[in-house]
Amino acid sequence: MGIFGRKNTDETTTTTAPAAVNPDLAALTGDYTIDPAHSTIGFVARHAMVTNVKGKFNEFTGSLHLDGADPARSTATIDVVMQSVDTGSADRDNHLRTADFFKTDEFPTMTFRSTGTEALGGDDYRITGDLSILGITKPLTIDLEFNGSAKDPFGNERVGFEGKAEILRSEWGLTWNAALETGGVLVSDKIKLNFDISAIKNA
């Protein structure tokens, strides 16, 4: 079943009725606000050609619009505070904030604005959009898996997604590097992005 037809039970169905008549659609269609306390926007970079360094951003806001009748009309927006970068090392985080990387004084925010959504079958979706870093905007494609919906103990209607994508940081002007004596470079150009999103339906 798709993003707007998923049930939180083991019940199966044999109906072939269109998704538009599924009662779950009406329940999930609407506008949502991303809950940063229960969401993660992270990244992974190769370091010195031999290991991975993981990081995340601790401050961000975002919204979703889910359209049950036509998932292709679903949208997403995210704004990330670049100063909030966190790799577990204060020295490394401070370096990332400098002109070598994020230039956070000049470009305090990274943004994503979706331009299209595609249903791939089951709980898998693909969302495309514009990613802006350092004032440079380029397309980004994110593969998403819908994790389900639930009402939390406080009465909030929640939906959850996991997403992943890959970029070449040099395409957004992030070109700083250092050569290694053994060959190769200190920081990989390819960066893996990962998203774990919990969003609350607006009242």
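Residues numbered from 1 in each chain as written. Predicted model: local features only at pLDDT ≥ 70, side-chain atom pairs only at ≥ 80, totals over all residues. Heavy atoms only, no water.

Looking at the overall build of the protein
Applicable threshold: Starting at the N terminus, helices and strands are each numbered in turn, a helix being any DSSP run of H or I of at least four residues and a strand any DSSP run of E of at least two. Here's how the labels work: a residue is buried when its accessible area is under 20% of the maximum for its type, exposed when over 50%, partly exposed in between, all with a 1.4 Å probe on protein chains only. By definition, residues are in contact when any of their heavy atoms lie within 4.5 Å.
From N to C terminus, the protein includes two helices and eleven strands. For the protein, the N- to C-terminal ordering of α and β elements is α-β-β-β-β-β-β-α-β-β-β-β-β. Looking at the protein as a whole, 39% of its 203 residues are labelled buried. Within the protein, contacts between residues separated by at least 24 positions form 57% of all contacts whose residues are at least 6 apart in sequence.

Considering the confidence of the model for the protein
Definition in use: Along the chain, pLDDT gives the predictor's confidence residue by residue, from 0 to 100.
Across the protein, the average pLDDT comes to 89, with 87% of residues at or above 70. This stretch, residues 1-23, has a pLDDT under 50; its non-local contacts, to residues over four places away or in other chains, come to 34 contacts.

Here we look at the side chain of serine 188
In plain terms, the rule: Here a polar contact means two N or O atoms within 3.5 Å. Within protein one must be a hydrogen donor candidate and the other an acceptor candidate, and residues neighboring in sequence count only if both atoms are side-chain atoms.
The residue serine 188 is located in strand β11 (residues 187-201) in this model. Here arginine 46 takes part through its backbone nitrogen, which lies 2.9 Å from a polar atom of the side chain of serine 188. A distance of 2.9 Å separates a polar atom in the side chain of serine 188 from the backbone oxygen of lysine 190.

Brief notes about the packing of aromatic side chains
Convention followed: To pair, rings of Phe, Tyr and Trp, with the six-membered ring standing in for Trp, must have centres within 6.5 Å; the planes then decide the type, stacked if under 30 degrees apart, edge-to-face if over 60, and tilted in the middle.
Tallied over the entire structure, the rule returns four aromatic pairs. Centre to centre, the rings of phenylalanine 57 and phenylalanine 102 are 6.1 Å apart; their planes meet at 50°, and the pair counts as tilted. Residue phenylalanine 57 is found in strand β3 (residues 51-57), and its partner phenylalanine 102 is found in the loop between α2 (90-96) and β7 (109-121); the two are separated by 45 residues along the sequence. Judged by its relative accessible area of 10%, phenylalanine 102 is buried. Measuring from centroid to centroid gives 5.3 Å for phenylalanine 101 and tryptophan 176, while their planes differ by 55°, and the two rings are tilted.

Brief notes about the pairing of strand β1 (residues 30-34)
To keep things clear, this is the line we draw: Strand pairing requires that DSSP identify at least two bridges connecting the strands.
In this sheet, strand β4 (residues 60-66) lies alongside β1 in antiparallel orientation, the contact comprising four bridges. For glycine 30, the partnering residue across the bridge sits in β4 and is leucine 66. Across three bridges, the pairing between β1 and β11 is antiparallel. Looking at β11, one finds that tyrosine 32 is bridged to lysine 201.

Quick look at a nonpolar patch on the surface
Note the threshold: By definition, no residue in a patch forms a salt bridge, and every one has over 30% relative accessible area; like charges are joined within 9 Å, nonpolar side chains (Val, Leu, Ile, Met, Phe, Trp, Tyr) within 5 Å. Where accessible areas are quoted, they stem from the Shrake-Rupley method and a 1.4 Å probe; at the residue level, only the protein chains shown are allowed to cover. The term salt bridge refers to a side-chain nitrogen of Lys or Arg lying within 4 Å of a carboxyl oxygen of Asp or Glu.
Where nonpolar side chains cluster on the molecular surface, the patch consists of Met49, Val50 and Val185 and spans about 270 Å² of accessible area. In this structure, valine 50 sits in the loop between β2 (40-47) and β3. On the basis of relative accessibility, which here comes to 62%, the residue valine 50 falls in the exposed class.

Side note on the environment of proline 71
Mapped onto the fold, proline 71 is located in the loop between β4 and β5 (75-81). The class for proline 71 is partly exposed, based on a relative accessible area of 22%. Counting along the chain gives 42 residues from proline 71 to threonine 29, while the straight-line C-alpha distance between them is 9.4 Å.

Some thoughts on the pattern of salt bridges
Summed over the entire model, instances satisfying the criterion amount to five salt bridges. Its salt-bridge partner being lysine 151, residue glutamate 157 comes within 3.6 Å of it at the nearest N-O pair. Overall, the relative accessible area of 34% leaves glutamate 157 in the partly exposed class. Judged by relative accessible area, lysine 151 falls into the exposed class, the value being 56%. Between aspartate 152 and arginine 158 there is a salt bridge, and its shortest N-O distance comes to 2.9 Å. Given the relative accessible area of 17%, arginine 158 is considered buried.

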